[in-house]
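Each chain is listed here by its residues.
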Amino acid sequence: MKICLERKRQRSKCTAAKGLGLYMEKECAKTNAAQTAANEICMEFDAISENEGLARVVIAAFLSRIDPTVDEIEDVKTAVSEAVTNAVIHGYGERGGRVVMRARLSAERELSVEISDRGVGIADVEQAMQPLFTTGAANERSGMGFSFMEAFMDRLEVESSIGEGTCVHMWKSFAGRQDETAPILQAAVWNRSGRA
Amino acid sequence: MEKKMEEYAIIDNYLCIRMPREVDHHGAAGIRECADRLILDDKVKNIVFDFTDTTFMDSSGLGIIIGRYRKISCFGGKVYAINVSERIGRILRASGMSSIVEILA
């Protein structure tokens, strides 16, 4: 597993004496609380199920500095978990490979997460994104992965080509509160035999 | 995939499964295996998923529940989800699970 961290930070121009430097920087940060500096991380890891939890922990920690609500953190964790699980199960067929997670936080408090694999790719992205569509029925996959990502994030983009891999790009804004997770998921109703 | 047996209990004809803190694809296979072995071995009719410890669940959790439901519903069994937190409850209801699972907070 390789983790590489890239960090962009707008250094506040405090040209005070060295001893004062840190203190001044902190003060500047306090007055600029509303505007957070942009930040980006990139992490590459093995496509094994164990790392689904790791990806969740990393994204939650990455978000923590903009002070999101518990629900917002859980939303992002769920979406990331779905995307990484897809890469592990479908992209690489649980035979291993590498997954890249790239997360970016803009100064406007918008999160962008990209999860990509170099796996088999998806033949029909539109079909794959339908609620309840799954190729993993034998493994009891619910077919709700993309629906979850769609429901818990603001925007979702999926790019895929056969033999080259898949890239899932998601955005979520933390500027205001929106609560519209439910309607998208409501497509599913299971009947008595547990089928949709 | 070794699971502690105290996470599974059979009371009357109810199989109670204490779900882990995080329900995801990583742990799903283990839960499935253990639950199915018990469903076969004993005279289990109904299944109770206990979400007391659960703080996180993704769509893999739905798969576990639907799969077990299919196994027991043909014999008239029922599936319950108990001690469900607000978030887990919302996920279950929003994804239509309330039509096959009785959800109890």
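Residues numbered from 1 in each chain as written. Chains lettered and ligands numbered in written order. Predicted model: local features only at pLDDT ≥ 70, side-chain atom pairs only at ≥ 80, totals over all residues.

### Considering the confidence of the model for chain B
The condition is simple: Looking at any residue, its pLDDT shows the predictor's confidence there, from 0 to 100.
In this model, chain B carries an average pLDDT of 91, and 94% of its residues clear a pLDDT of 70 or more. Across the interfaces of the predicted complex, the ipTM metric reaches 0.89, alongside a pTM of 0.80.

### Considerations on unusual backbone geometry
To be explicit about the condition: Helical segments are the DSSP runs of H or I of at least four residues, strand segments are the runs of E of at least two, and each set is numbered from the N terminus. Whether a residue is buried, exposed or partly exposed follows from its count of other C-beta atoms within 10 Å of its own C-beta, namely 20 or more, 12 or fewer, or something in between, respectively; the C-beta atoms are built from the backbone.
Phi is positive for A:R109, which is not a glycine, with a value near 60°. Among the secondary structure elements, A:R109 is positioned in the loop between strand 3 (98–105) and strand 4 (110–117). For A:R109, a count of 17 C-beta atoms within 10 Å gives the class partly exposed. Residues other than glycine seldom take positive phi values, yet B:D12 does so here, at roughly 55°. With respect to the secondary-structure elements, B:D12 resides in the loop between strand 1 (8–11) and strand 2 (14–18). Looking at B:D12, the number of C-beta atoms within 10 Å reads 9, which means it is exposed.

### Observations regarding the interface of chain B and chain A
As a reminder of what qualifies: We call two residues in contact when their backbone-placed C-beta atoms lie within 7 Å. Residues are grouped as follows: nonpolar covers Ala, Val, Leu, Ile, Met, Phe, Trp, Tyr, Cys and Pro; charged covers Asp, Glu, Lys and Arg; every other residue, Gly included, is treated as polar.
Taken together, the contact between chain B and chain A spans 24 residues of the former and 28 residues of the latter. Secondary-structure elements contributing two or more residues to the side of chain B that touches chain A are helix 1 (25–41), helix 2 (59–73) and helix 3 (86–94) of chain B. Among the elements that make up the side of chain B that touches chain A, the one with the highest residue count is helix 2 of chain B (ten residues). A class-by-class count of the residues in the side of chain B that touches chain A yields eight nonpolar, ten polar and six charged.

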